[in-house]
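Spelled out, the chains give:
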Amino acid sequence: MPLTPRQQAIYWGIAIIVFLLALYALGNVIMPFLLGGAIAYVLDPVADRFQKLGLSRALSVAIISLVALLLFVLLILLVIPTLIRQANDLVQIAPTLFENLQTWLAARFPDLLVEGSTIRTQLDNIGSMIQSRGGQLLETVLSSALGLVNVVVLLVVVPVVAIYLLVDWDNMVARIDEMLPRDHVSTIRDLAGQIDRTLASFIRGQGLVCLILGTYYAIALALVGLNFGLVVGAVAGALTFIPYVGAVVGGGLAMGLALFQFWGDWPWIIAVYAIFQSGQFVEGNILTPKLVGSSVGLHPVWLLFALSVFGSLFGFVGLLVAVPVAAVIGVLARFALDRYRHSTLYRGKSED
């Protein structure tokens, strides 16, 4: 006897609740498996491309693994130590930057920075706070990251999970397809296709945009001689994943540092400004349309809301699943809205 729509809704609702409770209970235990699955999902099209060239699936995965290992070693040896050193130096030099700001304000607005004034007191407090708390924050972030993603997880579990899933990806998709309820198989396949296109457009495309922009900002800022250019480029590139945030935070940080470092030498300040303007132009007119597309369906506000909610509820694991879950919910919401518009509840009984 077929299940009624009400019964199906109850069963699917229970399944979703159980999944969320399991995610909350397991927490960081499932993090390496989520990371491995995400890596396998991102690299599956690359393996498919190699297969189309005539290589076997195993050989394709082996080539991808060797290239990824080489890039990871280069990242560990060359980039990350410099990034950590510049971030620490930036925290330490923050009081000096605020002293320079006070000097500049005192020279141009002497009435604002008289001894004991509110503005001067606040600037002194901010500089001292950044130096005292900034080092603690940096140390906490690093220690938490090392505690969360320890050496064993980073070097063994995640790559092994990713490789196994990548080798068997097509077979897993086929098995899942065989388990779909036959009455709704076409609808589920259509929804799964929409979800896959949304995730592929956003995660793969936006991830590549972040990498390109971060690299461009870091190299360009280093060429103009801006101190801490690598940190600024990394921050701007990483935050580009959240629309508009990367440009605002990275550009504001770069311009603030440029004003302190190059004050009076306006061509270099204009050069820093031009770097971010050109980066935003290329992102908005070339990178995002080509790599991400205009039909992703993830509004920036919805993305921020999803990251906030899932990060608050599930911690770091929640941040990992926030974008995929937001994409799934967006596709399902559009599907439900489309069904509602074709229902008698919306059209009325008088409509055919």
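Per chain, the residues get numbers from 1 upward, laid out in the order the sequence is written. Residues qualify for local features only when their pLDDT is at least 70, as the model is predicted, and side-chain atom pairs are given and counted only at 80 or more; totals for whole chains, interfaces and linings, by contrast, use all residues. Remark: hydrogens and water are excluded; side-chain values derive from all non-hydrogen atoms of the structure.

## Regarding the packing of helix α8 (residues 229-239) against helix α9 (residues 245-261)
Part 1 of the argument: Two elements in contact, α8 and α9, have axes separated by 7 Å at closest approach and are oriented at 165°. With respect to α9, the element α8 is oriented roughly antiparallel. Regarding α8 and α9, the two cross each other, and that crossing is left-handed. Contacts from V232, V235, A236 and L239 of α8 reach α9 at V245, G246, V249, G250, L253, A254 and L257.
Part 2 of the argument: Class assignment for the residues of the contact of α8 with α9 results in nine nonpolar, two polar and no charged. Helix axes are fitted only over the stretch in contact, all axes being lines through C-alpha atoms; the angle between N-to-C directions runs from 0 to 180 degrees. Runs of E in the DSSP output that reach at least two residues are strands. Runs of H or I that reach at least four are helices, and both are numbered from the N terminus. Orientation categories follow fixed angle ranges, with anything under 35 degrees roughly parallel, anything over 145 roughly antiparallel, 65 to 115 roughly perpendicular, and all other angles oblique. If you view the pair so one helix is near and one far, a crossing is left-handed when the near helix is turned anticlockwise from the far one by less than a right angle, and right-handed when it is turned clockwise. By definition, residues are in contact when any of their heavy atoms lie within 4.5 Å. As a working rule, the residues Ala, Val, Leu, Ile, Met, Phe, Trp, Tyr, Cys and Pro are called nonpolar, Asp, Glu, Lys and Arg charged, and the rest polar, with Gly in that last group.

## What to know about the packing of aromatic side chains
Part 1 of the argument: Two rings belonging to Phe, Tyr or Trp (six-membered ring only in the last case) form a pair when the distance between their centres is within 6.5 Å. Interplanar angles under 30 degrees mark stacking, angles over 60 mark edge-to-face geometry, and anything in between is tilted. This structure, assessed with the given rule, holds three aromatic pairs.
Part 2 of the argument: Ring plane angle 50° and centroid distance 6.1 Å describe the contact between Y41 and W169, whose orientation is recorded as tilted. Of this pair, Y41 sits in helix α2 (residues 31-52) while W169 sits in helix α6 (residues 169-178), and the two are 128 residues apart along the sequence.
Part 3 of the argument: The rule is simple: take the accessible area with a 1.4 Å probe, protein chains only, and divide by the maximum for that residue type; under 20% is buried, over 50% is exposed, in between is partly exposed. Accessibility expressed as a relative area gives 13% for Y41, which makes it buried.
Part 4 of the argument: The interplanar angle of 15° and the centroid separation of 4.3 Å between the aromatic rings of Y217 and F276 together place this pair among those described as stacked. Of this pair, Y217 sits in helix α7 (residues 185-223) while F276 is found in helix α10 (residues 266-292), placing the two residues 59 residues apart along the sequence. Both residues of the pair, Y217 and F276, count as buried.
Part 5 of the argument: Through successive ring pairs, a cluster of aromatic residues spans Y216, Y217 and F276.

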